[in-house]
Amino acid sequence: MAFERIGLGQSNLTYLVRDEAGRRWVLRRPPLGHLLASAHDVAREARILSALEGTAVPTPRVLGMTDDPAVTDVPLLLMEFVDGQVVDRMSIARSLTPERRRAIGMSLPQTLAKIHAVDLEVTGLTGLAGHKPYAQRQLKRWSAQWARSRTRELPALEDLTGRLVAAAPEQRELTLVHGDFHLRNVITSYDTGKVTAVLDWELSTLGDPLADLGSLLAYWPAKGENTSGDFAATALDGFPTREELVAAYSAVSGRDLTALGYWHAMGLWKVAIIAEGVMRRAMDEPRNVGGDRTPGRRRPWNSTLRQWSIVAGRTRSGSRVLHFHACRGISRGDAVSHRDACGKGQSR
């Protein structure tokens, strides 16, 4: 048997397993070193993937899960190998035609809507997480993660935390949410570009479906935006705009997207905290590093938050939202339409 570290994931570690006959499987395990409570839960990921078998959500099939101390010192998850295109490097994104980039991009909101349509009773996932307001749960959890993993003081993040607390919208719906849905966490068809498998379910929970869409937008830089990261694939010609992603999700889900601006803001906030956690794990245990994706290896991430000035406001209907003001800023007050604000007046 041969084991090869694959992917650029900085959380749970992923390995391609091969035997002499050429058969392939995928093995997942928690990262090395000290782990934060409730993070990197491989058993939780196995439970969710197993529950989703037979639904419309494309996922790899779970083949086995063990935490037997006679076999391993950490939980191990064995899954089927799903062959396909993973767009996790700029070189791969550049190799695609504009038509294929668009097909991949437009498949994402359609897949996200399938996740949010999962019947919790039928799949046995109603007890996956608490049913209290999701925004408050997320703020509590990720604030704690920040406190435990931060490597420096970052007043901009602390300020944004307070603004998110003050502007938290009322919860109107509870669905399965992926928790980390973006371009690098899906496998797509070599033939059509459609999503054939959704990966990395360790952050999945029950909550507001717009949180997933907001996170997708947070990971979707547009042309001309400086995200201080090294993966701006979605700025390439062919990938749909954020407006198009939102419109596609709206069309297939039929949901009211009034509060989307808030969840986009929280998505950016979470990206900053996740990046800090990745950097902390890399500093504590260098063997956790995968490729060049670790924040700080190439450029500082402090400016991620500095680029966004977010203030609480209200729509005409009285609903609380967040308005964004940035040089390539993103949202109108109704939190549904997003546009390039640089050189075209201020965001409304």
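Residues numbered from 1 in each chain as written. Predicted model: local features only at pLDDT ≥ 70, side-chain atom pairs only at ≥ 80, totals over all residues. Heavy atoms only, no water.

An account of the overall build of the protein chain is needed here, citing residue identities and associated values.
On a plain count of helices and strands, the protein chain comes out with 10 helices and 11 strands. Looking at the protein chain residue by residue over its 348 residues, the buried ones come to 52%. In the protein chain, 67% of the contacts between residues at least 6 apart in sequence involve partners at least 24 apart. Carbon and sulfur atoms make up 51% of the accessible area of the protein chain, which amounts to about 15,700 Å² in all. (Helix = DSSP H or I, 4+ residues; strand = E, 2+ residues; numbered from the N terminus. Buried < 20%, exposed > 50% of the residue type's maximum accessible area, 1.4 Å probe, protein only. Contact = heavy atoms within 4.5 Å. Areas by Shrake-Rupley, 256 points an atom, 1.4 Å probe, with all protein chains shown as cover.)

Describe in detail helix α6 (residues 155–167), supporting the description with residues and values.
Three or four residues apart is the spacing at which side chains of an α-helix point the same way, because the helix has 3.6 residues per turn. Compared with an ideal rise of 1.5 Å per residue, which puts 13 residues at 18 Å, α6 spans 19 Å between its outermost C-alpha atoms and is within 8% of the ideal. Turning to α6, its buried residues are Leu-157, Leu-160, Thr-161, Leu-164 and Ala-167. Seen from one end, α6 has its buried residues packed into an arc of 140°, which puts them on one side. Facing away from the buried side of α6 by more than 90 degrees, the exposed set consists of Pro-155 and Val-165. (Expected span 1.5 Å × (residues − 1). Arc of directions from axis to C-beta.)

Give me the lowdown on the environment of Leu-16, citing residues and values where you can.
Note on placement: Leu-16 falls in strand β2 (residues 13–18). Using a relative accessible area of 6% as the deciding quantity, one classes Leu-16 as buried. Between the C-alpha atom of Leu-16 and that of Arg-28, which follows or precedes it by 12 residues, the distance is 9.2 Å. Contact partners of Leu-16, with chain neighbours within four places excluded, come to Ala-2, Phe-3, Glu-4, Ile-6, Arg-24, Trp-25 and Phe-81.

Pulling in residues and values, what's your account of the packing of helix α5 (residues 134–149) against α6?
It is at 11 Å that the axes of α5 and α6 come closest, and there the two elements cross at 170°. As judged from the angle between their axes, α5 and α6 are roughly antiparallel. Of the residues in α6, those in contact with Leu-139, Ser-143 and Trp-146 of α5 are Leu-157, Glu-158, Thr-161, Leu-164 and Val-165. (Axes fitted to C-alpha atoms, helices over the stretch in contact; angles between N-to-C directions. Parallel < 35°, antiparallel > 145°, perpendicular 65-115°, else oblique.)

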